[in-house]
Amino acid sequence: MATYTLPELPYDYAALEPVINPQIIELHHDKHHAAYVKGANDTLEQLEEARDKEAWGAINGLQKNLAFHLSGHILHSIYWHNMTGDGGGEPLAADGVGDLADAITESFGSFAGFKSQLTKAAATTQGSGWGVLAYEPVSGKLIVEQVYDHQGNVGQGSTPILVFDAWEHAFYLQYKNQKVDFIEAMWAVVNWQDVAKRYAAAKERADVLLLAP
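Nothing here was measured: the structure is a model prediction, and the numbers come from that model.

Reading guide: rules and limits
All residue numbers refer to position in the chain's written sequence, counted from 1. Only residues with pLDDT of at least 70 get local features here, since the model is predicted, and only at 80 or more are side-chain atom pairs given and counted; chain-wide, interface and lining totals rely on the full set of residues. For side-chain calculations, the full set of non-hydrogen atoms in the structure is used, while hydrogens and water are omitted. Numbering of helices and strands starts at the N terminus; helices are DSSP runs of H or I of at least 4 residues and strands are runs of E of at least 2. For two strands to be treated as a pair, DSSP must find at least two bridges joining them. Under this scheme, a helix contributes an axis fitted over its contacting stretch, all axes are lines through C-alpha atoms, and angles between N-to-C directions fall in the 0 to 180 degree range. Here, residues are in contact when the closest pair of their heavy atoms is within 4.5 Å. For the purposes of this section, nonpolar cores are sets of buried Ala, Val, Leu, Ile, Met, Phe, Trp, Tyr and Cys residues that join through side-chain atoms within 4.5 Å. Classification of residues uses two cut-offs on accessible area relative to the type maximum, computed with a 1.4 Å probe and protein chains only: under 20% is buried, over 50% is exposed, and between them is partly exposed. UniProt positions are given in the numbering used here, feature names are shortened, and annotations may be inferred rather than shown by experiment. In protein, a polar contact requires one atom able to donate a hydrogen and another able to accept it; more generally it is a pair of N or O atoms within 3.5 Å, and residues adjacent in sequence count only if both atoms are side-chain atoms.

1. Concerning unusual backbone geometry
Omega for the peptide link from Glu-17 to Pro-18 comes to 0 degrees, which places this bond in the cis form. Structurally, Pro-18 is set in the segment before α1 (22–53). Residue Asp-149 is not a glycine yet carries a positive backbone phi of 55 degrees. Of note, Lys-176 is a non-glycine position whose phi angle comes to about 55 degrees, a positive value. Within the element layout of this structure, Lys-176 appears in the loop between α5 (172–175) and α6 (179–186).

2. Things to note about the sheet that holds strand β1 (residues 129–136)
One open sheet accounts for three strands, arranged β2-β1-β3; its pairing is antiparallel. Single-partner strands in this sheet number two, and they are β2 (141–148) and β3 (159–165). The average undirected angle you get between the axes of adjacent strands in this sheet is 25 degrees. Against the sheet, helix α2 (residues 59–81) contacts β1 and β3, and its axis sits at roughly 80 degrees relative to β3. Contacting β1, β2 and β3, helix α4 (residues 111–123) runs over the sheet at an angle of about 15 degrees to β2.

3. A word on the nonpolar core
Counting residues in hydrophobic clusters, the biggest one holds 53 residues, and the most contacted among them are Ile-20, Tyr-79, Phe-114, Leu-142 and Trp-192. Ranked by the residues each element gives to this core, the list is headed by α4, at six residues.

4. Observations regarding the UniProt feature "domain: Manganese/iron superoxide dismutase N-terminal" (unreviewed entry) in the protein chain
The positions UniProt marks with the feature "domain: Manganese/iron superoxide dismutase N-terminal" (unreviewed entry) are residues 3–84. Helix makes up 67% of residues 3–84 and strand makes up 0%, while its end C-alpha atoms are separated by 28 Å.

5. Points about the environment of Ala-40
Topologically, Ala-40 is positioned in helix α1. The spacing of Ala-40 and His-69 is 29 residues in sequence and 5.0 Å in space, taken between C-alpha atoms. Sequence-distant contacts of Ala-40, defined by excluding residues within four places in its chain, comprise Tyr-4, Leu-66, His-69 and Leu-70.

6. Digging into the side chain of His-76
Counting through the fold element by element, His-76 comes out in helix α2. A relative accessible area of 0% places His-76 in the buried class. There is a polar contact of 2.9 Å between the side chain of His-76 and the side chain of His-28. In this structure, His-76 is in contact with His-28, His-33, Tyr-36, Trp-130, His-150, Asp-165 and His-169, ignoring residues within four places of it in sequence.

Right, here's the structure in full:
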């Protein structure tokens, strides 16, 4: 049995229009995300075979492939739930997400400052990557990370709670080469309820890390 499986979308293909058209959602989920799931499972099988045969000639490539495909699977699994057709705006206490709103202000000075930083981080990724809002457990604050591919340039132990996919397959059919236009449009579909739940969960498990005194 496969270790990883492709999760179902929490909405239909047309749910995020006009920000993201149905064709992109279908291809992105059914083809690209599915490929990362398959890649992670295939790599685990190849590593099992390497252990059985004590054949370690390809170990560096296999470990890199596992990190790439597994991180792609995890980030996409978050990505789908980070969006909703009824989203957008900014997190507000009146909507039950006051703790997240306060954390953003404490960590970035203001929502506007946070929005600008995450937008620029996502829009200026060199090649393929993500813009990520993550909970950093050592400081107990939120940070923005600029993730190359799916796994590079990440602070160890940080937990992603809001992710913007800046790979071309996420937007090219609709936005052509205008990555920044896609990232700007993404703010209209952010599911702050989901982000707030992820923030609360990340805080609760922050003490599992073995931190140096």
